[in-house]
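Report on the structure
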Amino acid sequence: MSFSDLVYAGLGVGALAAAVLPRVVFSRPFSMPMVFLAAGVAVQLLPLPVPVIDPVADRLWVEHATEVCVIVSLMGAGLAINRPPGLRAWAGTWRLLGITMPLTVVAVAVLAWALLDWPPAAALLLGAVLAPTDPVLAAEVRVGEPTDAEDDEDEVRFTLTSEAGLNDGLAFPFVLAATALAAAAGTGWSAGWMGEWALSDALGKVVIGAVAGAAVGRLLGWMFFRARAEALRLSEHMEGFVALGATLLSYGITELLHGYGFLAVFVAACTLRAAERSHGYHKVLHEFTEQIERLLTAFLLFLLGAYVAGGGLADLTWQAMAVSVLLLLVVRPVTGWVAQLGSAAGPRERIVAAAFGLRGIGSLYYLAYALGEDDFDGLAGQLWAAVAFTVVASVVLHGVTATPVISRLDRLRGTAAPGDPPP
């Protein structure tokens, strides 16, 4: 038996499992990501010639693999959202982005500095890479497929999906601040980088990403639904792989313009969704994107499980574990709750939206990217151990609790709790 034959068989089993598992685990207190994570651990422990991906040595491969997974997930999230963007309609999202996200970065950075005794740049990097959320890893807490009704999304699923769609791109300024701080530490702690960072990384690239994404989305919306030439009016041909073209186009153009491609992909998807909300082609695009996303996520989580079982957490300390646990059980729930004070959501919805800030593939991408810019005082192994442990803990914790919590919330939705808005 050759190793290549084993790989082909494994990929086949994985692809079939990615198709079957969502239906098998539906309404059960565990998720498909948990299964693939456990499968990676189990296979690595078997006496088989399974290679382990070393994210330090194989950093570039990890960066691009996670990058593709994130942008496909962002396109899927944007296409699934039925609610048109707006200040009031997306109020919960803006609160989580403007309050919870920066507070999370600061809180985790302070914890890493105090408990791990890391230099400020590495501590800030840990806070930045763990800031993005990822509802892809728990299907129960994200919106479903596109429909022609703008008000059929419950507040929790909508808020968590839209938050993740935007904070995957808005985490970049914090990551770049960490790399700039690391570079400045090597030249005498100059603060000269802050002005350029604020103007370019925190503002300019955000604007470029939003504008480029909206422009690409409008162009594709016209092409798909309103072009005079039938060959260009792709909505009439109902081909799902076009979603992949839209994803890569919006991401590539924005990166060429030195903007944030993650942000552009999500904005492009939302803009494309708004071009013709009642058309069934959105469902075709979303289904294709979801299938690709599921395969990529399963593959990466399998590798993450194998990495953990193969000694990937050897550099993990109890202090790093404490930071991760505090993030998941204290920092995110508290900052998420604070951000939603005074919002229209009821107390049950606020609690669930605050608690389910999953960490996932985006965190792995940002860490791989940042370590390509600076070695952060040789802390790569410890950073990977801390981030990998956090993602694994989040997948398990939220995978186990998502189904019972969301199911109970759905059952109680028609019963007003104290402070809940009337049904």
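Here the structure is shown first, and the text comes after it.
Everything in this summary refers to the structure shown in the same document. What you are looking at is a predicted structure, and each value in this text was computed from that prediction instead of being measured.

Attention now goes to the overall build of the protein chain. Each helix and strand counted, the protein chain has 15 helices and 0 strands in total. Against the 2.2 N^0.38 benchmark of 22 Å for 423 residues, the protein chain shows a C-alpha radius of gyration of 21 Å, consistent with a compact globule. Counting only residues that meet the buried cut, the protein chain has 51% of its 423 residues in that class. Considering only contacts in the protein chain between residues 6 or more positions apart, those separated by 24 or more positions represent 81%. Surface exposure of the protein chain reaches about 18,000 Å², of which carbon and sulfur atoms provide 67%. Between the centroid of the 24 positive side chains of the protein chain and the centroid of its 36 negative side chains there is a distance of 10 Å.

This brings us to the packing of aromatic side chains. In the structure shown here, the tally under the stated rule is 17 aromatic pairs. Centre to centre, the rings of F262 and Y366 are 6.0 Å apart; their planes meet at 75 degrees, and the pair counts as edge-to-face. With F262 in helix α10 (residues 261-275) and Y366 in helix α14 (residues 361-373), this pair connects stretches of sequence that are 104 residues apart. Using a relative accessible area of 1% as the deciding quantity, one classes F262 as buried. Considering the side-chain rings of Y365 and Y366, the 5.4 Å spacing of their centres and the 65 degrees angle between planes classify their relative orientation as edge-to-face. Seen from the ring of F158, R83 lies directly overhead, with NZ or CZ sitting 3.9 Å from the centre.

Attention shifts here to the environment of T159. The topology assignment puts T159 in helix α6 (residues 155-170). In this structure T159 touches G92, T93 and L96, once residues within four positions along its chain are discounted. Looking at T159, its side chain comes within polar contact range of the main-chain oxygen of E155, at 2.7 Å.

In an α-helix, one full turn covers 3.6 residues, which means residues spaced three or four apart are oriented alike. Taking 1.5 Å of rise per residue, the 22 residues of helix α12 (residues 318-339) would be expected to cover 32 Å, and the 30 Å separating its terminal C-alpha atoms lies within 8% of that figure. When the local axis directions of α12 are compared, the greatest deviation, roughly 50 degrees, occurs at L327. Where α12 is concerned, the buried positions are A320, V323, S324, L327, L328, V331, R332, P333, T335, G336 and A339. The inward-facing, buried residues of α12 abut α4 (91-115), α5 (120-129), α6, α13 (347-355) and α15 (380-412).

Before going further, it helps to examine the pattern of salt bridges. Applying the stated criterion to the full structure yields 7 salt bridges. One salt bridge in this structure joins R157 and D410, with 3.0 Å as the shortest N-O distance. Here R157 is found in helix α6, whereas its partner D410 is found in helix α15, with 253 residues between them in sequence. Across the pair R332 and E163 runs a salt bridge whose closest N-O atoms are separated by 2.7 Å. Of the two residues, R332 sits in helix α12 while E163 sits in helix α6, which places them 169 residues apart along the sequence. A residue is classified by how much of its surface remains accessible, and R332, at 2% relative accessible area, is buried.

Thresholds applied
- Residues numbered from 1 in each chain as written.
- Predicted model: local features only at pLDDT ≥ 70, side-chain atom pairs only at ≥ 80, totals over all residues.
- Heavy atoms only, no water.
- Helix = DSSP H or I, 4+ residues; strand = E, 2+ residues; numbered from the N terminus.
- Rg over C-alpha atoms; globule rule 2.2 N^0.38 Å.
- Buried < 20%, exposed > 50% of the residue type's maximum accessible area, 1.4 Å probe, protein only.
- Contact = heavy atoms within 4.5 Å.
- Areas by Shrake-Rupley, 256 points an atom, 1.4 Å probe, with all protein chains shown as cover.
- Lys, Arg positive; Asp, Glu negative; His and termini not counted.
- Charge placed at Lys NZ, Arg CZ, Asp CG, Glu CD.
- Phe/Tyr/Trp six-rings, centres within 6.5 Å; stacked < 30°, edge-to-face > 60°.
- Lys NZ or Arg CZ within 6 Å of the ring centre and 35° of its normal.
- Polar contact = N/O pair within 3.5 Å; in protein donor to acceptor, adjacent residues only side chain to side chain.
- Expected span 1.5 Å × (residues − 1).
- Bend = angle between axes of the 7 residues up to and from the residue.
- Salt bridge = Lys/Arg side-chain N within 4 Å of Asp/Glu carboxyl O.

By themselves, these observations are geometric and do not establish any function.
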